[in-house]
Amino acid sequence: MSAKQGDSRNKINIKRLTLYALVTAVCLIVGYLESLLSIGLTSIAPGVKLGLSNAVALMLICSGDIKGAWAVNVTRICLASLLFGSPISFVLSLSGGVASTAVSSLLSRSKNISAIGISIAGGVIHNVFQLIAATFIVGFGVVYYLPILIGLGAICGAFCGVLARAALKHTNIFEFEF
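Starting afresh in each chain, residues are numbered from 1 along the sequence in its written order. With the structure being a predicted model, the display of local features is reserved for residues of pLDDT at least 70 and the display and counting of side-chain atom pairs for 80 or more, all residues being used for whole-chain, interface and lining totals. To obtain the side-chain values, all non-hydrogen atoms of the structure were included, while hydrogens and water were left out.

**Brief notes about the packing of helix 3 (residues 52-62) against helix 7 (residues 146-170)**
Each pair of packed helices can be described by the angle between their axes along with the distance between the axes. Here an axis means a line fitted to C-alpha atoms, over the contact stretch when the element is a helix, while the angle between two N-to-C directions is reported on a 0 to 180 degree scale. For helices the rule is a DSSP run of H or I covering at least 4 residues; for strands it is a run of E covering at least 2, with both sets numbered from the N terminus onward. For the pair helix 3 and helix 7, interaxial distance at closest approach is 9 Å and the crossing angle is 50°. The angle between helix 3 and helix 7 falls in the class oblique. Here the hand of the crossing between helix 3 and helix 7 comes out right-handed. Of the residues in helix 7, those in contact with Leu-52, Ala-55, Leu-58, Met-59 and Cys-62 of helix 3 are Phe-159, Cys-160, Gly-161, Leu-163, Ala-164, Ala-167 and Leu-168. For this classification, the nonpolar set comprises Ala, Val, Leu, Ile, Met, Phe, Trp, Tyr, Cys and Pro, the charged set comprises Asp, Glu, Lys and Arg, and every other residue, Gly included, is treated as polar. Here the residues of the contact of helix 3 with helix 7 sort into 11 nonpolar, one polar and no charged. To sort the angles, those under 35 degrees are grouped as roughly parallel, those over 145 as roughly antiparallel, those from 65 to 115 as roughly perpendicular, and the leftovers as oblique. Crossing handedness: left-handed means the near helix sits turned counterclockwise from the far one by under a right angle, and right-handed means the same turn made clockwise. Contacts between residues were defined by any pair of non-hydrogen atoms, one from each residue, lying within 4.5 Å.

**What about a nonpolar patch on the surface?**
Taken together, Ile-29, Tyr-32, Leu-33, Leu-36, Leu-37, Leu-79, Leu-82, Leu-83 and Phe-84 make up a surface patch of nonpolar side chains, about 950 Å² in accessible area. For the nonpolar patch, the secondary-structure elements that each account for two or more residues are helix 1 (8-37) and helix 4 (66-84). With five residues, the top contributor of residues to the nonpolar patch is helix 1. You can see Phe-84 is positioned in helix 4. For patch building, the residue pool is restricted to those with more than 30% relative accessible area and no salt bridge; the joining distance is 9 Å between like charges and 5 Å between nonpolar side chains (Val, Leu, Ile, Met, Phe, Trp, Tyr). Working definition of accessibility: Shrake-Rupley area with a 1.4 Å probe, residue cover restricted to the visible protein chains. The working definition used for a salt bridge is a side-chain nitrogen of Lys or Arg within 4 Å of a carboxyl oxygen of Asp or Glu.

**A look at helix 4**
One turn of the α-helix equals 3.6 residues, which is why residues spaced by three or four share an orientation. To estimate how far a helix should reach, multiply one less than its number of residues by 1.5 Å. Counted at 1.5 Å a residue, the expected span for helix 4 with its 19 residues is 27 Å, and the 26 Å between its end C-alpha atoms agrees. Type-normalised accessible area, obtained with a 1.4 Å probe on protein chains alone, sets the label of each residue: buried when under 20%, exposed when over 50%, and partly exposed for intermediate values. Within helix 4, burial applies to Gly-68, Ala-69, Val-72, Asn-73, Arg-76, Ile-77 and Ser-81.

**Section: the pattern of salt bridges**
Overall, the coordinates contain one salt bridge when judged by the stated rule. Residue Asp-65 pairs with Arg-16 through a salt bridge whose shortest N-O separation is 3.8 Å. Here Asp-65 is found in the loop between helix 3 and helix 4, whereas its partner Arg-16 is found in helix 1, with 49 residues between them in sequence. Overall, Asp-65 belongs to the buried group, its relative accessible area being 13%.

**Structural notes on helix 3**
When you tally the buried positions in helix 3, you get eight out of 11 residues, the bulk of the element. Of all the residues in helix 3, the buried ones are Ser-53, Ala-55, Val-56, Ala-57, Leu-58, Met-59, Leu-60 and Ile-61. At the C-terminal side of helix 3, Gly-64 shows a positive phi close to 90°.

**Quick word on the nonpolar core**
Definition used in this section: a nonpolar core is a set of buried Ala, Val, Leu, Ile, Met, Phe, Trp, Tyr and Cys residues joined via side-chain atoms within 4.5 Å. If you look at the biggest cluster of nonpolar residues, it comprises nine residues: Leu-19, Tyr-20, Val-23, Cys-27, Val-56, Leu-60, Ile-61, Ala-69 and Val-72. When residues in this core are grouped by element, the largest group, four residues, is from helix 1.

Following this line, the structure appears as C-alpha cells:
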C-alpha cells in the first residue's frame, strides 16, 4: 500500500524523511559556506569552525527528536566528508559529532540545563574527541591544542546555542505531528 492510499504509517515516515533530508541539505550548504568563511578561526587552530550545522542538531535535540538529531548529524558528516573532505576529515568529524550528539542528548534530559549549556558542552566534547582521534592519526603532539580547543569549543558552542534557542523561539519547524 502506498502513502497515497491512506497508510498513515507511511505518511508519517515520508514527512519525517523529508524534514530530515531538507535539514541535512541545509546543514551541508551552511557547513560548506562556513568552511569557506572560517579563515580567521583556522589561524588560531587548524580546522576550527563555528559549527553552525550543529545548531540544527541542537534544535532537534531540544525539540525532543533525539533520533532525528542522530540521523541528520551522521548523514551530514558522511555526505560532507564524501563531497568536501577526506578520510581523515571523516574520522575527525565523526568522532567529534558522535561524542557531542551523545552528550547533548543525555544533557537534554535535564530540565536544569538550557540549550546554550547543552551546546557549550557539545562544542567542548566535540573538540576533545576530535583531538583524541587526531592523536591516533598524527601523534601526541596535537594535545598541546587542548586548552585552545576547549576555549573555542565553549565560545562556538555558546554562539550556536544562542542561535538555536532564537531559532526555536521563532519557528515551529520541528513541532508538527509525525
